[in-house]
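# Reading the structure
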Amino acid sequence: MPLEKVSKIWMDGELVDWDAANVHVLTHTLHYGSGVFEGIRAYETADGPAVFRLTEHIERLLRSAKMLMIEVPFSVEQLVEAVKDTVRVNEVESCYIRPLVYLGYGEMGLNPLNSPVNVSVAVWPWGTYLGDEGVKHGVRMKISSWRRQDSNINPPAAKGTGIYINSILAKVEAIKAGYDEAILLSPDGYVSECTGENLFVVRDGMLVTPPLSAGALDGITRDSVMTIARDLGYEVREENLLRTDLYIADEAFLTGTAAEVVPMREVDDRVIGEPGEITRKIQETYFAIVRGEVEKYKGWLEYVRT
Ligand code: PPE
C-alpha cells in the first residue's frame, strides 16, 4: 500500500512541506535504530476529527524515550498540540498519526548521548491495516519461529524503532508462508503478542490476554478493550497463555491502533471460525466509540477543532 501524501509534516516545531521533510544520511537513528515512535489514529466524528486517547499515546512516547535515555525537548502538552496542528493543517477527517523521536545528525558511534534529539509528526490516510476482509471475517495467524525478544536484551516495552526488527522478521515469515499475521512467543514459550498488535482469547465467556511480563506492549487498544469488555459485563484476566490455548479458543482477536479490533479465524491451521458473538460486540463497540457515538467514552476523544 503506497503512502498517500498529504500537505505538511511537523518537524521540531515547524510545519514543513511533505516533500521537504528530509533528513541527512548520517542521521544516528537511521544507522542504529535508536529512535522511539507512536502510532495513533484520528477518526471522523460529528464534531470533526477526534484523536483517540492522544495524551496517553504521547505519554507512552515519553516513557519509551525514558527507557532508552533519550531526552525529548518537547513536553506532553506541546506534542499534543503538535499532533492536533498537523491533523488540522492537512485537512483530513480521519488519519493515522506517526510521532517519531529520532537522534539526528551530529555524531556517529554507539554512544547516542551527544546526538541531537529531533521530533517529527506525520499523518496520512490509512485504511484497514489487515484488510477489510480480515476485519469482517477474521485473519489467519501463524505462530512465529522467531521469539519475542527478552526484556533484558531489547525491551519490547519500549516502542523503539530498532526493536521492531523482531516484529519485521516474524511478519515476513508469516506472509511468505501465506498467513496474514504472526504471533510471537516469549523467551519462556508463553504467548506474547502479534507483530504490531496485542491479542485476546475468549473461553467460556471470559477474556484472557497475556500479561506485559510475557513481552506484550502496554497497548492502548488493549486497555480500551479491557475496559469495554468489563463494562459489557465480561470477566477479563491477564494470564499467561500456551500456544495450545489459542488452538482451542472459542474466539480470539487482536487489538492495535493501526489494526483496530480484528478477529482471528485460524491459528496454525487450527480453525477458530467466523468471528464470535463477544468479538463482534467488542468490535462494534470500539468502532462506535472512536467515532464519538458512545457518550460514556467521549473522554477518550481529543478533538482537533476548537
Ligand atoms: N504490540 C505491538 C508490538 C505494537 O507495535 C502495537 C502497536 C501494539 C501491540 C498495540 O498497541 P496500541 O496501538 O497502543 O493498541 N502497533 C503500532 C504500529 C503499527 C505499524 O505498522 O507501524 C500501531 O498499531 O500503530
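Heads up: the structure comes first, above all this text.
Read on for a plain summary of the structure.

So, about the overall build of the chain. Looking only at helices and strands, the chain has 8 helices and 17 strands in total. What you see for the chain is a C-alpha radius of gyration of 19 Å, in line with the 19 Å of a compact globule of 306 residues. The principal-axis extents of the C-alpha atoms in the chain amount to approximately 55 × 45 × 30 Å. Counting all 306 residues of the chain, 53% fall into the buried class. Pairs at least 24 residues apart make up 69% of the contacts formed inside the chain by residues separated by at least 6 positions. As displayed, the chain has an accessible area near 13900 Å², and 51% of this comes from carbon and sulfur atoms. Averaging the locations of the 31 positively and 46 negatively charged side chains of the chain gives two centres separated by 3 Å.

Among the nonpolar cores identified, the biggest contains 47 residues, and Ile 183, Leu 207, Leu 254, Met 264 and Val 267 are the most heavily contacted of them. Both domains that meet at this core, namely domain 1 (8-124) and domain 2 (132-290), each give it at least three residues. Ignoring sequence-local partners within four residues, the contact set of Leu 207 consists of Phe 200, Val 201, Val 202, Ala 229, Tyr 234, Glu 235, Val 236, Arg 237, Phe 253, Ile 278 and Ile 282.

Most of strand E14 (residues 251-256) is tucked away, with 6 of its 6 residues classed as buried. Residues Glu 251, Phe 253 and Thr 255 point to one face of E14 and Ala 252, Leu 254 and Gly 256 to the other, with burial holding for every one of them. Bridge count for strand E11 (residues 198-203) against E14 is 5 bridges, and the pairing is antiparallel. Its bridge partner lying in E14, Asn 198 is registered against Thr 255. One ladder, built from 4 bridges, connects E14 with strand E15 (residues 260-267); its direction is antiparallel. Along E15, the bridge assignment pairs Gly 256 with Glu 260. Linking E14 to E15, which pair antiparallel, is a turn of 3 residues.

Positive phi outside glycine occurs at Met 69, with the angle close to 60°. Considering the arrangement of structural elements, one finds Met 69 in the loop between helix H2 (54-67) and helix H3 (76-89). At Asp 268, a residue that is not glycine, the phi angle is positive and equals roughly 50°. Note on placement: Asp 268 falls in the loop between E15 and strand E16 (270-271). When its relative accessible area of 10% is taken as the criterion, Asp 268 is described as buried.

Relative to the helices and strands, Thr 221 is located in helix H6 (residues 220-231). On the basis of relative accessibility, which here comes to 4%, the residue Thr 221 falls in the buried class. Within the structure, the side chain of Thr 221 is placed 3.3 Å from the backbone nitrogen of Thr 257, a separation counted as a polar contact. For Thr 221, the residues in contact, after removing those within four places along its chain, are Thr 255, Gly 256, Thr 257, Glu 260 and Tyr 286.

Right, let's get into the site of the ligand. Around the ligand sit 21 residues in total, of which Tyr 96, Tyr 129, Tyr 164, Glu 193 and Thr 221 are the nearest. In this structure, an oxygen atom belonging to the ligand sits 2.8 Å away from a main-chain N or O atom of Ala 258. For the ligand, whose free accessible area comes to 550 Å², the fraction covered by protein is 93%. The set of elements that each furnish at least two residues to the shell around the ligand consists of strand E6 (95-103), H6 and E14. Of the residues assigned to the shell around the ligand, the class counts are 6 nonpolar, 9 polar and 6 charged. When residues of the shell around the ligand are assigned to domains, at least three map to each of domain 1 (8-124) and domain 2 (132-290).

The topology assignment puts Pro 116 in the loop between E6 and strand E7 (117-124). Measuring from C-alpha to C-alpha, the distance between Pro 116 and Ala 158 comes to 20 Å, with 42 residues separating the pair along the chain. Non-local contacts of Pro 116, meaning those with residues more than four positions away in its chain, are made with Tyr 102, Leu 103, Gly 104, Tyr 105 and Gly 106.

Between the first and last C-alpha of helix H8 (residues 277-290) there are 20 Å, a value that for 14 residues agrees with the 20 Å anticipated at 1.5 Å per step. Among the 14 residues in H8, 10 count as buried, and that is most of the element. Regarding H8, the residues found buried are Ile 278, Thr 279, Ile 282, Gln 283, Thr 285, Tyr 286, Phe 287, Ala 288, Ile 289 and Val 290. Positive backbone phi, approximately 75°, marks Gly 292, located one or two places after H8.

Quick notes on the rules
- Residues numbered from 1 in each chain as written.
- Predicted model: local features only at pLDDT ≥ 70, side-chain atom pairs only at ≥ 80, totals over all residues.
- Heavy atoms only, no water.
- Helix = DSSP H or I, 4+ residues; strand = E, 2+ residues; numbered from the N terminus.
- Rg over C-alpha atoms; globule rule 2.2 N^0.38 Å.
- Buried < 20%, exposed > 50% of the residue type's maximum accessible area, 1.4 Å probe, protein only.
- Contact = heavy atoms within 4.5 Å.
- Areas by Shrake-Rupley, 256 points an atom, 1.4 Å probe, with all protein chains shown as cover.
- Lys, Arg positive; Asp, Glu negative; His and termini not counted.
- Charge placed at Lys NZ, Arg CZ, Asp CG, Glu CD.
- Core = buried A, V, L, I, M, F, W, Y, C linked by side-chain atoms within 4.5 Å.
- Domains from an automatic or database assignment.
- Pairing = 2+ DSSP bridges.
- Polar contact = N/O pair within 3.5 Å; in protein donor to acceptor, adjacent residues only side chain to side chain.
- Near = heavy atom within 4 Å.
- Nonpolar A, V, L, I, M, F, W, Y, C, P; charged D, E, K, R; others polar.
- Expected span 1.5 Å × (residues − 1).

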